Amino acid sequence: MNAAGKQGILIKRASSRKRSRDLLKTHLTPAGKRGGATCSQPCPAAGRPGSTMAAEFCSDSEDLFGDYDSLLEDSALLEKLDHAEQLDFTALRHKEPGEDVLTDSILDVLVDEDLHSSQRLFEDQVDRPPKKSRAQDGDRVLSPLGDAGDTRKRRSVADRMKRAMICNAAAPSSVSRGAKMKEAVVSEEISIAMRAMDTVCAETPDLGPFFGLPTRVKELMFKLRGIKDLYDWQQTCLNLDCVQRRKNLIYSLPTSGGKTLVAEILVLRELLCRRKDCLFILPYISLVQEKVRGLASFGLELDFLVEEYAGSKGRFPPVKRRNNRSVYIATIEKAHSLVNSLIETGRVEDLGLVVVDELHMLGDGSRGAIIEMTLAKVLFTSKSTQIIGMSATLGNIKDLQTFLRAENYTNDFRPVQLKEYVKLTDTIYEVDPTEEECFRFSRLLNFKYSSSMQKVDPDHIIALVTEVIPTHSCLVFCPTKKNCENVVGMICKYLKKEFLTFRQTEKAVLLCELKASGSGSACPVLRRTVPYGLAYHHSGLTSEERKLVEEAYSNGVLCLLTCTSTLAAGVNLPARRVILRSPYVAADFLRRSQYKQMVGRAGRAGIDAVGESVLILQDADRHAAKTLICAPMEKCYSNLLRDGARGLLSLILSLIGLNICSSVDCVMDFLCVTLLYVQQEALCTETSLKEEVQRCVDLLRDKDLVTETAQGQTLQVTKLGRATFKGCVDLTYSDLLYKDLSKGLEGLLLNSCLHLVYLVTPYDMITQCRPDWMVFFRQFTMLTDAEQKMSAAVGVPESFIARKAAGQTVRKPVNMEVVSRMYLALVLFTLLKETNLWSVSERFHLSRGFIQSLLGSSSAFCSCVLHFTEELEEFWPFRALLTELTRRLSYCVTAELIPLMEVAGVMESEAAVQRRLPNADPAGQRRPGAALQRDREPLPQTSPADRGLRQDVAE
């Protein structure tokens, strides 16, 4: 029995008279629908002239929904319909003595009621009496066209129906009792059918040939990714009962185990089978951009949209589409804003699946609090959204399971075996937790050091790397960005000349590309190290430079990278050997989760049989390293109460603003679905959770972000509170931003964008840069008089900068945060005018990566300020100004190139070329094959260095 039959579907009929549905079957009925084992008696033959047709009665207990799609599978159906329209319209009425009349429609049981006037007219036109006579001979067959000898011109079925519909439109509007009963029968049967189909779809998983997906997806996996078969654990995970029943799931595996592929298959299943939107949350903008590129090809082939929500990109709420479904690839902050907008517009149920990569980041400061808020809102507002979390191994995974109401799947699978080592002096020890000291002697380093080399390389890094390069790859993690550059320079200084000949042509091409990306300039360190196959990788590089270095390393052109810990959490760049230069990140000792992420990069699937990691230790760090390597994994705790409960304050404000909660009791009900509620005994040691909530509500009221009604029972957000949560502005800065914008209205400088740039310079970037006073003074003197007056108006006069540049003491107190913010605004202002990253970097003595990060953060914050001003009427002048400024910060090109930059796939160099062509058609870039044509015809190298300016960086 099929699925629908198992549901026990009952059809309620308006008439108690028994009737068979099979009398409806004519020569138009597909063969699969005619006849059956349940037939009890034959029906007299009737049909078109010159043919006979057998009809059979079927039991009422037969499944009404079996083979419901057989009509679509009958290839001759359309041909039969076309043929039938040219033939006579015949009907069969059959009556046996003492039996009820069997009709050809479920509605005909009601024909004894008054017929509508248009129905009578239709019967008159086809020579049928207005009412059927029940006294007719049961063997007589009536023809709606009269006798066969009638020579009257025949009308087609369509003509007759059209005429009847026209008459029906002109007929009186009174509705008879019979019509009402007929409508009730139809509505009830349709309702029963829809409920049956919903039940069948919900309880019967759509299991296709490729884990519920069509074979086309499997072919694309091989074509686009080279994936032919899945690992055993991936197949097991996808076939879990909780996955089939769409329950929430957390699965934990070591780094490089293939976690992301499982999530992508689940996303495709949700998009293609259930026709629901998906949200994919990633920690960094670089990962979002990589994932967008990776899924875009699948979207083109399988007809779904891939939308990027990172930096200033993303629309709130997203565009609602009738047919196409979307997967939103978002950073942590953008995902929270997206969920808020879906809740506000009542569309959160459209979100079928939420995937969270690096779920263990729930315990990572303020960003962890945002992840918790996002997931809690989804859990509270949508009962049909599935949540999938990918995580490293955690010590308290049970807490996360309780929070997400999820199953857990854990596996220690690695595609390549990992062997961990530590190095003390010139001795290598293998990590063995079963040993008392956790270390077991392995071997001595076999490399002869001269006295000069020993001074330069006391940690024997050169000996460790030359054991694997250039035939294999190597990653060297360093504690600081400056140390990355120093180490790679030191290594290439002592390498043999043979390294220069290895893949020499490809390295020459890489150098040319790096030089082109810098408008003719290239980093002097990379110019020296790339010929040896070495490079460094950290946030000081532009995104374009990092992309070139990553591609060269993945292709084997580069055999060694010195890098910071951010590489371990970013793009996947595995190596045969991973070396940890020190057990520190800056001045902080490594956490076990960081250590596992770094050593997890060792071993390339399909290339290496084994991966190796080497941690370089000093004697003073030996005991701490033992704890690091052998200790259990850290536990993950809620961060809503961190830094004075900033996360909880933001959560309560958004709950009130979204009308999810309107009282303290409602907030407490919501907190039951948070990780904080699960861990309240460990986290709320001094006060109870309800007391913390009441304190936060009082604080929001003091800040004029929420207010109470006259009765004091209902909480509501103020206009400032709504602007704060709609703009995703940190509560720490909301008052300050409001004051800055209000002060800006008093004397807004409009003949220059410096004032606007200052207003959108992120507050949280101020501490990351200290002004160079000589550079500050030099650049300040190049400003116009109006721009200098604006600087003085915000609190940074020329006299102060001059005194600081001269090294003199400043007696009058000045707000240094405002000064630092003005300095960063001057960097952005210069960049927008020149659009040349390298020249600005050299002028302000700042790294290219930092300036690019500043640009991306400013673009995102400008978008937040824009949403902030849209909720406050007094700031209406800012709306148009900030809209344009957001576009300029996003693309960082001259104003006339912005429209071209908004065309999909156009880069700065192409936009400049299009600008110079008198008959250039930007829309032509969208035509099929345009991208291929651009690849075949190289464009002039017009400032390609600035390509990476509009690609946001988050490290």
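Further up the page is the structure itself.
Residues numbered from 1 in each chain as written. Predicted model: local features only at pLDDT ≥ 70, side-chain atom pairs only at ≥ 80, totals over all residues. Heavy atoms only, no water.

Trainee: What's the story with the overall build of the chain in this structure? I'm lost.
Mentor: A count of helices and strands for the chain gives 42 helices and 21 strands. When burial is assessed residue by residue, the chain has 48% of its 955 residues classed as buried. Intrachain contacts of the chain at a sequence separation of at least 6 include 72% that bridge at least 24 residues. Just so you have it, the chain exposes about 46,500 Å², and 51% of that area is on carbon and sulfur atoms. (Helix = DSSP H or I, 4+ residues; strand = E, 2+ residues; numbered from the N terminus. Buried < 20%, exposed > 50% of the residue type's maximum accessible area, 1.4 Å probe, protein only. Contact = heavy atoms within 4.5 Å. Areas by Shrake-Rupley, 256 points an atom, 1.4 Å probe, with all protein chains shown as cover.)

Trainee: Explain the sheet that holds strand β12 (residues 439-444) to me, please; I cannot follow it from the model alone.
Mentor: Backbone-to-backbone hydrogen bonds pair the strands of a sheet. The strands run either parallel or antiparallel. Pairing within the open sheet is mixed, and its eight strands lie in the order β12-β11-β10-β19-β16-β13-β15-β14. Both edges of this open sheet fall to β12 and β14 (534-537), since each of them pairs with a single strand only. Adjacent strand axes in the sheet meet at a mean angle of 25° when their direction is disregarded. Alignment of strand β10 (residues 417-424) against strand β11 (residues 427-431), held across four bridges, turns out to be antiparallel. The residue of β11 that forms the bridge with Tyr421 is Glu430. Across the sheet, helix α21 (residues 543-554) is in contact with β13 (474-477), β14 and β15 (560-563); its angle to β14 comes to roughly 135°. (Pairing = 2+ DSSP bridges. Axes fitted to C-alpha atoms, helices over the stretch in contact; angles between N-to-C directions.)

Trainee: What is the right way to read the packing of aromatic side chains from this model?
Mentor: Two aromatic rings, taken as a pair, are described by how far apart their centres are and by the angle between their planes. Scanning the entire structure with this criterion turns up 18 aromatic pairs. A ring pair is formed by Phe875 and Phe878, whose centres lie 6.0 Å apart and whose planes are at 65°; its orientation type is edge-to-face. Residue Phe875 shares its accessibility class with Phe878, and that shared class is buried. In this structure an aromatic cluster arises from ring pairing among Trp773, Phe776, Phe800, Tyr823 and Phe844. Arg821 extends its terminal NZ or CZ atom over the ring of Tyr758, reaching a point 4.7 Å from the ring centre. Here the guanidinium or amino end of Arg821 rests over the ring plane of Tyr763, the centre of that ring lying 4.0 Å away. (Phe/Tyr/Trp six-rings, centres within 6.5 Å; stacked < 30°, edge-to-face > 60°. Lys NZ or Arg CZ within 6 Å of the ring centre and 35° of its normal.)

Trainee: What exactly am I supposed to notice about the pattern of salt bridges here?
Mentor: Pairs can form between side chains of opposite charge whenever their charged atoms are close. Per the counting criterion, the structure on display carries 34 salt bridges. Across the pair Arg440 and Glu430 runs a salt bridge whose closest N-O atoms are separated by 3.1 Å. Here the residue Arg440 occupies a position in strand β12, and Glu430 occupies one in strand β11, the gap between them amounting to ten residues. For Arg440, a relative accessible area of 32% gives the class partly exposed. Looking at Glu430, the relative accessible area reads 23%, which means it is partly exposed. For the salt bridge of Arg843 with Glu834, the shortest nitrogen-to-oxygen distance reads 2.7 Å. By relative accessible area, which is 28% here, Arg843 ends up partly exposed. On the basis of relative accessible area, Glu834 is assigned to the partly exposed category, the value being 30%. One salt-bridge network, held together by shared partners, links Glu344, Arg722, Lys726 and Glu871. (Salt bridge = Lys/Arg side-chain N within 4 Å of Asp/Glu carboxyl O.)

Trainee: How should I be thinking about the state of the cysteines in this particular structure?
Mentor: By definition, a disulfide links two cysteine residues through a covalent bond between their sulfur atoms. Enumeration according to the criterion identifies one disulfide in this entry. The side chain of Cys438 participates in a disulfide bridge whose partner is Cys630; the two sulfur atoms lie 2.2 Å from each other. With Cys438 in the loop between β11 and β12 and Cys630 in helix α24 (residues 622-630), the pair connects residues that are 192 residues apart, well separated along the chain. Free cysteine Cys563: the closest other cysteine sulfur is in Cys484, separated by 6.3 Å. You can see Cys864 has no disulfide; the closest cysteine sulfur is in Cys728, sitting 5.7 Å from it. Accessibility expressed as a relative area gives 18% for Cys864, which makes it buried. (Disulfide = S-S within 2.5 Å.)

Trainee: What is the right way to look at the sheet that holds strand β4 (residues 277-281) in this model?
Mentor: Judged by pairing direction, the sheet is parallel, and its seven strands sit side by side in the order β5-β6-β4-β7-β8-β3-β9 without closing on themselves. Lying at the two open borders of the sheet, with one neighbouring strand each, are β5 (305-309) and β9 (407-410). Put simply, the sheet's adjacent strands are angled 15° from each other on average, direction ignored. Here β5 runs beside strand β6 (residues 326-330); their pairing, made up of five bridges, is parallel. Residue pairing in the sheet places Glu308 in a bridge with Ile329 of β6.

Trainee: Can you help me understand the pairing of β4 in this one?
Mentor: Within a regular beta strand, the side chains point alternately toward one face of the sheet and then the other, so they alternate between its two faces. Buried residues dominate β4, accounting for five of its five residues. With burial as the criterion, each face of β4 is covered, one bearing Asp277, Leu279 and Ile281 and the other bearing Cys278 and Phe280. Alignment of β4 against strand β7 (residues 351-356), held across five bridges, turns out to be parallel. Looking across to β7, one finds that Leu279 is bridged to Val354. Judged from the four bridges that link them, β4 and β6 form a sheet pairing that is parallel.

Trainee: Can you help me understand the environment of Glu498 in this one?
Mentor: By the secondary structure assignment, Glu498 is in helix α18 (residues 498-501). It is 9.8 Å that separates the C-alpha atoms of Glu498 and Pro470, two residues lying 28 residues apart in sequence.

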